[in-house]
Amino acid sequence: MADFDPEKFEDKYANYFTELQQAYKNAFNRMNDQYDSELVHAIDQQVLNESEPFYEGDGEFRVELPDDPYDRLSGVLVEEERFENVLEIHVEEIETELERVFGFQ
């Protein structure tokens, strides 16, 4: 784990790329074990690949999604409500993993 510096997080891909990858991977693995792997893979590759993590302060992170995430989905048939539920849980997992990887949990 790198020593976390909120100012360095502004240029997160240059300063914390490895940690970001680890957090996303940990969340993906947990989701893949608990939910439909085809849907989890689609969310990971078609929605979360365009997401943006932000440090909110006080050890909390927020993941911002691209516009119209459901419309980005292709190759998987899923009701929008189920998609939204799984996506919400996946984002929560990523935020939790970011907190853990950066030593806030």
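Above this text is the structure in question.
Residues numbered from 1 in each chain as written. Predicted model: local features only at pLDDT ≥ 70, side-chain atom pairs only at ≥ 80, totals over all residues. Heavy atoms only, no water.

Sorry if this is basic, but what is going on with the nonpolar core here?
The tendency in soluble globular proteins is for nonpolar side chains to be buried side by side. By size, the foremost hydrophobic cluster in this structure holds 28 residues, and its most contacted members are Leu39, Phe83, Leu98 and Phe102. Among the elements of the structure, α3 (17-34), α4 (37-46), β2 (60-64) and α6 (80-101) are those that each provide at least two residues to this core. Apart from residues no more than four positions distant in its own chain, Leu39 is found in contact with Leu73, Val76, Val78, Arg82, Phe83 and Val86. (Core = buried A, V, L, I, M, F, W, Y, C linked by side-chain atoms within 4.5 Å. Buried < 20%, exposed > 50% of the residue type's maximum accessible area, 1.4 Å probe, protein only. Helix = DSSP H or I, 4+ residues; strand = E, 2+ residues; numbered from the N terminus. Contact = heavy atoms within 4.5 Å.)

Explain α6 to me, please; I cannot follow it from the model alone.
One turn of the α-helix equals 3.6 residues, which is why residues spaced by three or four share an orientation. With 22 residues, α6 ought to run about 32 Å at 1.5 Å a step, and its terminal C-alpha atoms sit 31 Å apart, in line with that. Of the residues making up α6, those classed as buried are Phe83, Val86, Leu87, His90, Val91, Glu93, Ile94, Glu95, Glu97, Leu98, Glu99 and Val101. Tucked into the core, α6 has its buried residues touching α3, α4, β1 (52-57), β2 and α5 (69-72). (Expected span 1.5 Å × (residues − 1).)

Whenever I open this one, the pairing of β1 confuses me. Can you help?
In the sheet, β1 pairs with β2 via 5 bridges, with the strands oriented antiparallel. Among the inter-strand pairings, Pro53 is bridged to a residue of β2, identified as Val63. (Pairing = 2+ DSSP bridges.)

Sorry if this is basic, but what is going on with the layout of surface pockets here?
Once rolled over the atoms, a probe with the size of a water molecule shows which space is left empty. Volume-wise, the largest pocket comes out at about 300 Å³. Along its surface, the largest pocket is lined by 14 residues, and Leu20, Gln21, Tyr24, Leu48 and Asn49 are the ones closest to its centre. Going through the elements one at a time, α3, α4 and β1 are the ones with two or more residues in the lining of the largest pocket. By residue class, the composition of the lining of the largest pocket is 6 nonpolar, 4 polar and 4 charged. (1 Å grid on protein atoms, 1.4 Å probe; cavity = no way out; pocket = protein on both sides within 12 Å on 5 of 7 lines; lining within 4 Å. Points joined across faces, edges and corners; volume = space filled by probe spheres on them. Nonpolar A, V, L, I, M, F, W, Y, C, P; charged D, E, K, R; others polar.)

Would you take a moment to explain α3 for this structure?
If you check α3, its first and last C-alpha atoms are 26 Å apart, about what 18 residues at 1.5 Å a residue would give, namely 26 Å. Among the residues of α3, those classed as buried are Glu19, Leu20, Ala23, Tyr24, Asn26, Ala27, Phe28 and Met31. Of the surrounding elements, those touching the buried residues of α3 are α1 (6-9), α2 (12-15), α4, β1, β2 and α6.

Explain the side chain of Ser51 to me, please; I cannot follow it from the model alone.
Looking at where Ser51 falls in the secondary structure, it is placed in the loop between α4 and β1. Polar contacts involving the side chain of Ser51 include one to the side chain of Tyr24, which spans 2.8 Å. A polar side-chain atom of Ser51 sits 2.7 Å from the main-chain carbonyl oxygen of Leu48. If we ignore the near neighbours within four places in the chain, the residues touching Ser51 are Tyr13, Tyr24, Val63, Glu64, Leu65 and Pro66. (Polar contact = N/O pair within 3.5 Å; in protein donor to acceptor, adjacent residues only side chain to side chain.)

Just to check I follow, could you spell out the packing of α3 against α4 for this structure?
Between two packed helices, the angle of one axis relative to the other and the distance separating the axes together describe the packing. Packing of α3 against α4 brings their axes to within 8 Å, and their N-to-C directions diverge by 155°. Relative to α4, the element α3 is oriented roughly antiparallel. Here α3 runs over α4; the crossing is right-handed. Seen from α3, the contacting residues are Phe28, Met31 and Asn32; seen from α4, they are Ser37, Val40, His41 and Asp44. Tallied by class, the residues present in the contact of α3 with α4 amount to 3 nonpolar, 3 polar and 1 charged. (Axes fitted to C-alpha atoms, helices over the stretch in contact; angles between N-to-C directions. Parallel < 35°, antiparallel > 145°, perpendicular 65-115°, else oblique. Left-handed = near helix turned anticlockwise from the far one by under 90°.)

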